[in-house]
Amino acid sequence: QLLKLGEEEAADDLAHALADGGEVEQQPLVIPRGASVSDDAWRVSTPASIGSDCRLHGNIRATEVTVDERTELFGSIRARGDVRVGSGSLIHGDVTTRDGEVTIDAGANVLGDISSMDLRVHERANIEGTMRAKGELRLVQDADSEDEGEAETPPERRSDKRRAAQKNTPDY
């Protein structure tokens, strides 16, 4: 695939690493059959996974999209299913899904609108745009992960935790 794309140096590096029994430092770019890559958009009819520490220009169109950590995308994301934006990632565009859930992890930044069926945004994420959800809109806090462990907490202590949380919650 690399040779077809004119990436002779990358193909040589990959062949050298495989021939020496060494490990390839990074996964190569894999574009599935039937995909379309143009100046303005990357279109695939499968789920798309964008790795960590990437920098991409163009709109992403796929059935589902996962953006790993510390990735910067100059373009929008549109999917039919779920979309996840990882910690430390920056999206310069809208994030839209027709029937899925959008999840924005802690430290992620979206400079655009978000539209989805369900939306989960971490309290330490930054959204500079409008958020729309037809279903559930949930703000995820660090304390939510502690609540998931409540099954191990005795019932009498659970109510104490809830009362303490209510005392610290301001009335609006």
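Residues numbered from 1 in each chain as written. Predicted model: local features only at pLDDT ≥ 70, side-chain atom pairs only at ≥ 80, totals over all residues. Heavy atoms only, no water.

Caption draft 1: Examining the sheet that holds strand 5 (residues 59–62) more closely. Taken in spatial order, the 7 strands make up an open sheet running 1-2-5-8-11-14-17, and their pairing is mixed. The open sheet has two edge strands with one neighbour each: strand 1 (36–37) and strand 17 (131–133). Summarising the sheet, strand 11 (residues 95–97) and strand 14 (residues 114–116) pair through 2 bridges and their orientation is parallel. When the bridges of strand 14 are listed, Thr96 appears paired with Ser115. (Pairing = 2+ DSSP bridges. Helix = DSSP H or I, 4+ residues; strand = E, 2+ residues; numbered from the N terminus.)

Caption draft 2: Representation of the confidence of the model for the chain within the structure. On average, residues of the chain score 80 in pLDDT, and 72% of them reach the 70 mark or higher. Here residues 148–172 is a poorly scored stretch, pLDDT under 50, and it has 7 contacts once near neighbours within four places are set aside; other chains count. (pLDDT = per-residue confidence, 0-100. Contact = heavy atoms within 4.5 Å.)

Caption draft 3: Region of the structure containing the pairing of strand 15 (residues 118–122). For strand 12 (residues 101–104) and strand 15, the ladder comprises 4 bridges, and the chain directions are parallel. Each residue of the ladder has a partner; that of Ile104, found in strand 15, is Val121. For strand 15 and strand 18 (residues 137–140), the ladder comprises 4 bridges, and the chain directions are parallel. Counted as the bridge partner of Arg120 is Arg138 from strand 18.

Caption draft 4: Representation of unusual backbone geometry in the model. Even without being glycine, Asp53 reaches a positive phi, approximately 60°. Its location among the elements puts Asp53 in the loop between strand 3 (48–50) and strand 4 (55–57). Judged by relative accessible area, which is 53%, Asp53 ranks as exposed. Of note, Arg70 is a non-glycine position whose phi angle comes to about 55°, a positive value. The topology assignment puts Arg70 in the loop between strand 6 (65–67) and strand 7 (72–74). (Buried < 20%, exposed > 50% of the residue type's maximum accessible area, 1.4 Å probe, protein only.)

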